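Chain and residue survey
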Amino acid sequence: MMKVLVTGSNGFIGKNLVAKLEELKIYEIVTYDINNTLEELNKAVLEAEFIFHLAGVNRPTDINEFYSGNSGLTGDIVRLLEKNKKNTPMLITSSIQAELDNDYGKSKKMAEEVLATYGNKNNAPVYIFRLQNVFGKWCRPNYNSAVATFCHNIANELEVWVADESREVNLVYIDDVVEAFVSALSEESRDVNKQYYEVKVTYRKTLGEIVSLINSFKKNRETLRVPNMVDEFAKKLYSTYLSYLPEGSFSYPLKMNIDNRGSFTEFLKSDDRGQVSINISKPGITKGNHWHHSKNEKFLVVSGEGVIKFRKVGSEEVTEYKVSGSKLEVVDIPVGYTHNIINTGDTDMVTVMWVNEVFNPEKPDTIFLEV
């Protein structure tokens, strides 16, 4: 097993990378963070066959910590490798601020130059990633990530303040970052003539768009709407938002429409995929006896037993399908057929119902007609 060193292993990116490497089960992982000693770092550096150098400083108490924690630590690792005549492949996380004239950016630029020189002198594969606004699970809010702060504050009923909603930012998702990092471990990726790499999947959004989207996620519990999962950014941001929910707030109630026949509860809705509902019928109860012009449905009985009856409008012939929670089987409800569902068992019958459109009371497309 290849021995891999991850510095900054307790940070946002480090945690996600270590979790992925552990999941793959083909690497021996050595971690280093602020609580480890310099001796432990030196030992790990010399034993490692690949180094992910993610440790760094971005919120120092003193400006000099930028240089000691970024370019300084990178230099220490490189000098140790060169002293021991090693050309270990090494990947570092830099920042788009390396192009800016501030102390953080300067320290990151210096770290890049140290690693680039090491690669050139020792014929060592190096990977420099200038990351931009990484978002995803386990990122610390109210620190240096606007997305993490927005998700945390909105999920926890805290105020969100944006100075300029029209300001555009470039973003990359943590899973895409980790995927790019892991790919560097393959021999095929080794190219001593290339040093700068990018995460291929990026997004450009305004701060206003991000906040609006996260607020819509919060309202989904009331509207039952799910985000548009075809939109990759919305899909990834929604996953990120859910990771910031307070642990006591994972669940939320649904409105059960209850009568003497049982209950009907809407579960999920989407503009392009219709809606899903849960129907509970008491023993002996018949529900339905209607047909649709365009609206179509799928029924799946998951508990209890019953029968679904169909009759084509204008015909006298009745078709029956027996359904049971002991044998999961989807029954399509075609247009132009009046239909009902009857609980023929001794217990409540539970049916998952999907319909291709969200119910519109002004255009219900539901015509009463007994089977």
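Read on for an overview of the structure. Predicted, not measured: the structure shown is a model, and the values here were computed from it.

**Re the sheet that holds strand β17 (residues 330-333)**
Two modes of strand pairing occur in sheets, parallel and antiparallel, and in both the strands are linked by backbone hydrogen bonds. As summarised here, the arrangement of the six strands in space is β10-β11-β12-β19-β14-β17, forming an open sheet in which the pairing is antiparallel. Each of the sheet's edge strands pairs with one partner strand only, and the pair in question is β10 (256-259) and β17. Going across the sheet, the axis of each strand differs from the next one's by a mean of 20°, ignoring polarity.

**Examining the pattern of salt bridges**
Inspection of the entire model under this criterion finds 18 salt bridges. Among the ionic pairs, E47 bridges to K43, the shortest N-O distance being 2.9 Å. You can see E47 and its partner K43 sitting in helix α2 (residues 38-47), four residues apart, about one turn around the helix. Its relative accessible area of 36% is what places E47 among the partly exposed residues. In this structure, K298 engages D332 in a salt bridge whose closest nitrogen and oxygen atoms are separated by 2.7 Å. In this pair, K298 sits in strand β14 (residues 297-303) while D332 sits in strand β17, placing the two residues 34 residues apart along the sequence. Its relative accessible area of 34% is what places K298 among the partly exposed residues. One network of salt bridges, in which partners are shared, links K3, E28, K43 and E47.

**Details of the environment of I341**
When you line up the elements, I341 lands in strand β18 (residues 337-343). A C-alpha to C-alpha distance of 16 Å links I341 and K327, two positions 14 residues apart in sequence.

**Examining the packing of aromatic side chains**
Tallying each qualifying case throughout the model produces 13 aromatic pairs. For the ring pair F129 and Y197, a centre distance of 5.9 Å and an interplane angle of 25° mean the geometry is stacked. On the criterion of sequence distance, the pair formed by F129 in strand β5 (residues 126-131) and Y197 in strand β8 (residues 196-197) is long-range, its members being 68 residues apart. In this structure F129 comes out as buried when scored by relative accessible area, which is 3%. For Y197, a relative accessible area of 15% translates into the label buried. Connected via pairs of aromatic rings, a cluster forms that spans F50, F52, Y127, F129, F181 and Y197. Lying over the aromatic face of W138, K137 brings its terminal NZ or CZ to 4.9 Å of the ring centre. Across the ring face of Y143, the terminal group of R140 is positioned such that the distance to the ring centre comes to 4.0 Å.

**Considering the sheet that holds strand β6 (residues 134-135)**
The three strands are arranged β6-β7-β9 in an open sheet whose pairing can be described as mixed. The outermost strands of the open sheet, each flanked by one partner alone, are β6 and β9 (203-206). Pairing of β6 with strand β7 (residues 168-173) involves two bridges; the strand directions are parallel. When the sheet's bridge partners are listed, F135 is paired in β7 with Y173. Taken strand by strand, helix α6 (residues 174-183) contacts β6, β7 and β9, and its axis lies near 55° from that of β7.

**Considering helix α5 (residues 146-155)**
Counting buried positions along α5 yields eight of ten residues, so the element is predominantly enclosed. Those residues of α5 that sit buried are V147, A148, T149, F150, C151, N153, I154 and A155. Packing partners of the buried residues in α5 comprise β6, β7, α7 (207-223) and α8 (232-242).

**Observations regarding a nonpolar patch on the surface**
Judged by side-chain polarity, Y252, L254 and F267 come together as a nonpolar surface patch covering roughly 230 Å² of accessible area. The residue F267 is located in strand β11 (residues 262-270) in this model.

**Here's the deal with the layout of surface pockets**
Computed from the structure, the second largest pocket encloses a volume of approximately 560 Å³. Lining the second largest pocket are 25 residues; nearest its centre among them are F264, H290, E297, M353 and T366. Looking at the lining of the second largest pocket, the elements with two or more residues in it are β10, β11, β12 (274-281), β13 (286-291), β14, β18 and β19 (349-355). Element by element, the count of residues in the lining of the second largest pocket is highest for β11, at four residues. Split by residue class, the lining of the second largest pocket holds seven nonpolar, eleven polar and seven charged.

**A closer look at the pairing of β11**
Relative to β11, β10 runs antiparallel, the two being bridged by four bridges. Looking at β11, one finds that N257 is bridged to F264. Linkage of β10 to β11, two consecutive antiparallel strands, is achieved through a turn of two residues. Here β11 runs beside β12; their pairing, made up of eight bridges, is antiparallel. Bridge pairing in β12 places K269 opposite Q275.

**Details of the packing of helix α1 (residues 12-24) against α6**
Contact geometry for α1 and α6: axes closest at 10 Å, N-to-C directions at 60°. Classified by the angle their axes make, α1 and α6 are oblique. Both α1 and α6 take part in a crossing whose hand is right-handed. On α6, the residues that touch F12, I13, N16, L17, K20, L21 and L24 of α1 are I174, V177, V178, F181 and V182.

Thresholds applied
- Residues numbered from 1 in each chain as written.
- Predicted model: local features only at pLDDT ≥ 70, side-chain atom pairs only at ≥ 80, totals over all residues.
- Heavy atoms only, no water.
- Pairing = 2+ DSSP bridges.
- Helix = DSSP H or I, 4+ residues; strand = E, 2+ residues; numbered from the N terminus.
- Axes fitted to C-alpha atoms, helices over the stretch in contact; angles between N-to-C directions.
- Salt bridge = Lys/Arg side-chain N within 4 Å of Asp/Glu carboxyl O.
- Buried < 20%, exposed > 50% of the residue type's maximum accessible area, 1.4 Å probe, protein only.
- Phe/Tyr/Trp six-rings, centres within 6.5 Å; stacked < 30°, edge-to-face > 60°.
- Lys NZ or Arg CZ within 6 Å of the ring centre and 35° of its normal.
- Contact = heavy atoms within 4.5 Å.
- Patch = residues over 30% accessible without salt bridge, like charges linked within 9 Å, V, L, I, M, F, W, Y side chains within 5 Å.
- Areas by Shrake-Rupley, 256 points an atom, 1.4 Å probe, with all protein chains shown as cover.
- 1 Å grid on protein atoms, 1.4 Å probe; cavity = no way out; pocket = protein on both sides within 12 Å on 5 of 7 lines; lining within 4 Å.
- Points joined across faces, edges and corners; volume = space filled by probe spheres on them.
- Nonpolar A, V, L, I, M, F, W, Y, C, P; charged D, E, K, R; others polar.
- Parallel < 35°, antiparallel > 145°, perpendicular 65-115°, else oblique.
- Left-handed = near helix turned anticlockwise from the far one by under 90°.

Scope: geometric values only; no functional claims are made or implied.
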